[in-house]
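Listed below are the residues making up each chain.
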Amino acid sequence: MHVVKVKVSCAHQEGEFIPGITVLEAITQLCPDQAKEALVAEINGEVKDLTTKINNDCQIKPLTWNDEAGRRALRHSAAHVMAQAVKQLFPEAKLAIGPAIEDGFYYDFAVDNPFTPEDLEKISTCMEQIIDQDLAFIRQEMARDEARAYFVAKGEQYKVELIDDLPPDATISLYQQGDFVDLCAGPHIPSTGYIKAFKLLSVAGAYWRGDEKREMLQRIYGTAFANKSDLEAHLRLLEEAARRDHRKIGRELDLFSLQEEGPGFPFFHPKGMILRNELEAFWREEHRRAGYQEIRTPTILSQELWQKSGHWDHYRENMYFTEIDNRGFAIKPMNCPGGILVYKSRSHSYRELPLRLAEMGLVHRHERAGALHGLMRVRCFTQDDAHIFMLPSQITEEIKGVIDLIARIYQVFGFNYQVELSTKPENAMGSDDIWEEATASLKKALEEKGMEYKINEGDGAFYGPKIDFHLQDCLGRTWQCGTIQLDFLMPECFELDYIGEDGEKHRPVMIHRTCLGSIERFIGILIEHYAGAFPTWLAPVQVRILPITDHQSGYAKEVAVKLDQARIRAEVDGRNEKVGYKIRDAQLQKIPYMLIVGAKEIDNGTVAVRHRDQGDLGALTVDRFIQEIGREISEHRTGRGN
RNA sequence: GCCGAUGUAGCUCAGGGGUAGAGCAGCGCAUUCGUAAUGCGCCGGUCGGGGGUUCAAAUCCCUUCAUCGGCUCCA
């Protein structure tokens, strides 16, 4: 009898097996130490179940919790367990989709009554039972008609819709654990017992297929881990993130407020304004060096202007309108038309180009009530805008220049960022050819810079494609900040021109761009990034002077005056409290330096320096301290320091 | 805009049909103190707004506004 053998290699080990052996069995024999850890495996580059039978020679790579695919499989399986529990408790619930996501999973259900927090507890308890039963995940492939009939019979109309939308050649697979069957491509972990720790986190509404015209489903978010301590660590991380929330810190440090009287219209308090002004001063210096000139254009401009620019047709539902002396006006949602009017106020020679006109412009946009979020999404914000008017031949260099400027600015704050290229949206002006040309120019610049980027189809501005720079908040949610948009259309709408070398009129090309994006949003990101402990150059209060008793209050005030003369932002805590109390308060206010002054310091003309993070740094003369903090401030601001 | 939750003093929160509570902050007095909270006292709320049920509403119901978590949308 002839016995066929398959050659399997795993972690540099090789073996021959009779066909039909499972991946897990092969791993157990070849690399036993990994068998316990494996969740799924990569077979010839494809991620598969451990229960997959091997019939051909192949290479196996066990994937564990330490692999992205391993984590996803475990969490996706947890989503199935949750769905099983929901069907058990609420048999009338209809299943939609339940994928693994960053740090967890969710599952969408159609139910008559939304889930309550008590429902979540019940579901959780039921899930624990399912996990205890250690039910195997069993994969089954089915013909399309058969699968369709199966889900029609079960009344799972969302699954039917999913099947109908699968490409004709797709393999249709079902996964079963216990009596629960779900349409699913997989892969899954071998059995429910692999889920060692999970937690259901929240319920939220979500439109079926993300389409607001379709019905709203109930989504349950949860997370799962391979062991309990990792879950606990993750939950602690979430708590810590909540402590960094810019809305909380903004209130605690008295930086800004949001009030019922102005939903989405933030109020900046004195300390928030210091932060803002420092940020703007830094921005102005960087832009001056990069060859920009600053302008300022009006907030209210005539309605006809917005009709001409295309905003009336493409952006009206986001705009606020008003009337002056029976004439229609709009409150600007963007700065570009204003910048264009400045350009048009006189004629330009090719010798002036590129002309870089920057504007800290306050724009108002109507955002839907449910979308507002602290300083991150508001209804009025200041864009650190600029419009670059240039020759077509200057496009790539100018885009690269902006990329460099943004990188330089972010580097001062130590931000990591993601870059996206957004292409033509549905609601766009202009021909496909123009869009293609503009998109290709952006791509070219990105590629010449060797930047990694993701393509974001259909997310461009209505007048042009854009490169977006996304920063993360405390919970890892990303927010668009910088943007570079290439525009051939506005110059056309406004008949912009310059006089070329040939003495004839030519049409310039425009770049619209921001670095910080919105000052408000950027400050929100900064607050969360630093958890309120701003570097000294940005800190609203840089130094607090703490007299030990009121015998030192005169000296404390003298020190404060000296610091003020050196443009160091200092205040005296003259309250009748012990120094420990004052230190605690200054620490909680995240003030970088505390200067403690007692009798000794008066005698020696010094201050006892305590740093927010480094603690007691010993005594220095006031002049020496001013010199050192001054150096720290100027080094940080230029990004040459740490 | 949609789904759900929440709204009580400046802040953090308790109370849940029968006269509004605590801690912190603030103010006053005592204390004069050396690196994360000294003690005592005082002030402070028409319980988000409007309507209803009730002898009586912070509490129950309706409605509206705002906020929070999502969805959608976008700097």
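All values derive from a computational prediction rather than experimental measurement. Sequence order sets the numbering: in each chain, residues are counted from 1 along the sequence as written. In the order they appear in the text, chains get letters beginning with A and ligands get numbers beginning with 1. Per-residue local features are limited, in this predicted model, to residues with pLDDT of at least 70; the limit for side-chain atom pairs, both in listing and counting, is 80 or more; totals at the level of whole chains, interfaces and linings are taken over all residues. Calculated side-chain values reflect all of the structure's heavy atoms, with hydrogen atoms and water omitted.

Q: Which parts of the structure should I look at to understand the overall build of chain A?
A: Only runs of H or I of at least four residues qualify as helices and only runs of E of at least two qualify as strands under DSSP, and these elements are numbered from the N terminus. Tallying secondary structure elements over chain A gives 20 helices and 35 strands in all. Based on the C-alpha atoms only, the size of chain A along its principal axes is roughly 95 × 75 × 55 Å. We call a residue buried when its accessible area falls under 20% of the maximum for its residue type, exposed when it is over 50%, and partly exposed in between, using a 1.4 Å probe and counting protein chains only. Looking at the 642 residues of chain A, the share that counts as buried comes to 51%. Here, residues are in contact when the closest pair of their heavy atoms is within 4.5 Å. Partitioning the contacts of chain A with sequence separation of at least 6, the portion at a separation of at least 24 is 69%. Charge assignment in this entry is limited to Lys and Arg as positive and Asp and Glu as negative, and neither His nor the chain termini are counted. By convention, the point assigned to a charge is CZ for Arg, NZ for Lys, CD for Glu and CG for Asp. Each charge class in chain A was averaged separately, 78 positive and 99 negative side chains, and the resulting centres sit 4 Å apart.

Q: Is there a simple way to think about the sheet that holds strand β30 (residues 509–518) in this case?
A: Strand pairing in a sheet is mediated by backbone hydrogen bonds. Such pairs are either parallel or antiparallel. When DSSP finds at least two bridges between two strands, those strands are taken to pair. Read from one edge to the other, the open sheet built from eight strands follows the order β18-β22-β23-β30-β27-β26-β24-β25, with strand pairing classed as mixed. A strand with exactly one partner marks an edge of an open sheet, and here the two such strands are β18 (293–294) and β25 (454–456). Packed onto the sheet, helix α12 (residues 336–344) meets β22 (355–364), β23 (380–390) and β30 and runs at close to 40 degrees relative to β23. Between N-to-C directions, angles span 0 to 180 degrees; the directions come from axes that are lines fitted to C-alpha atoms, helices contributing only their stretch in contact.

Q: Looking at this structure, how should I read the protein's contact with RNA strand B?
A: One heavy atom suffices: a residue is near a molecule or strand as soon as one of its heavy atoms comes within 4 Å of it. With respect to spatial proximity, 60 residues lie near RNA strand B, and among them Tyr207, Arg377, Gln480, Asn576 and Arg584 are the closest. A 3.5 Å cut-off defines polar contacts: any pair of N or O atoms within that distance qualifies, except that in protein one atom must be a possible hydrogen donor and the other a possible acceptor, and neighbouring residues in sequence count only when both atoms are side-chain atoms. The contact in question runs from a sugar or linking oxygen of RNA strand B to an N or O atom on the side chain of Glu212, over 3.0 Å. One nitrogen or oxygen atom from the side chain of His373 is found 3.3 Å from a phosphate oxygen belonging to RNA strand B. Listing elements by their share of the surface near RNA strand B, those giving two or more residues are β14 (197–207), β15 (216–225), α8 (246–252), β27 (478–487), α18 (579–588), α19 (599–604) and β34 (606–611). Each residue receives one of three labels: charged for Asp, Glu, Lys and Arg, nonpolar for Ala, Val, Leu, Ile, Met, Phe, Trp, Tyr, Cys and Pro, and polar for the others, Gly being one of them. In terms of residue class, the surface near RNA strand B is built from 23 nonpolar, 15 polar and 22 charged.

Q: Explain unusual backbone geometry to me, please; I cannot follow it from the model alone.
A: Leaving glycine aside, a negative phi is the common case for residues, and trans is the common case for peptide bonds. Residue Pro187 follows Gly186 across a cis peptide bond; omega there is 0 degrees. Look at Ala531: it is not a glycine, yet its phi comes out positive at around 50 degrees. Following the sequence through the fold, Ala531 ends up in the loop between α16 (519–530) and β31 (543–547). For Ala531, a relative accessible area of 16% puts it in the buried group. Although it is not a glycine, Arg567 adopts a positive phi angle of roughly 65 degrees. Examined against the element boundaries, Arg567 turns out to sit in the loop between α17 (553–565) and β32 (570–572).

Q: I'm lost on the environment of Gln88 in this one. Help?
A: Tracing the chain through its elements places Gln88 in helix α3 (residues 68–89). Those residues in contact with Gln88 that sit more than four places away from it in its chain are Cys126 and Ile130.

Q: Sorry, what's going on with the packing of aromatic side chains here?
A: The geometry of an aromatic ring pair is captured by the separation of the ring centres together with the interplanar angle, meaning the angle of the planes. Here the aromatic set is Phe, Tyr and Trp, taking the six-membered ring for Trp, and pairing holds for ring centres within 6.5 Å; pairs whose planes are under 30 degrees apart are stacked, those over 60 apart are edge-to-face, and all others are tilted. Enumeration according to the criterion identifies 25 aromatic pairs in this entry. With a centroid separation of 6.4 Å and 85 degrees between ring planes, the pair formed by Tyr410 and Phe469 is classed as edge-to-face. Taken together, the positions of Tyr410 in helix α13 (residues 395–413) and Phe469 in strand β26 (residues 466–472) put the pair 59 residues apart, joining distant regions of the chain. Neither Tyr410 nor Phe469 differs from the other in exposure class; each is buried. An aromatic cluster is built from Phe282, Tyr410, Phe413, Phe415, Tyr417, Phe469, Phe522 and Trp537, whose rings are joined through pairwise contacts.

So far we have only geometry, and geometry alone does not tell us how the molecule works.
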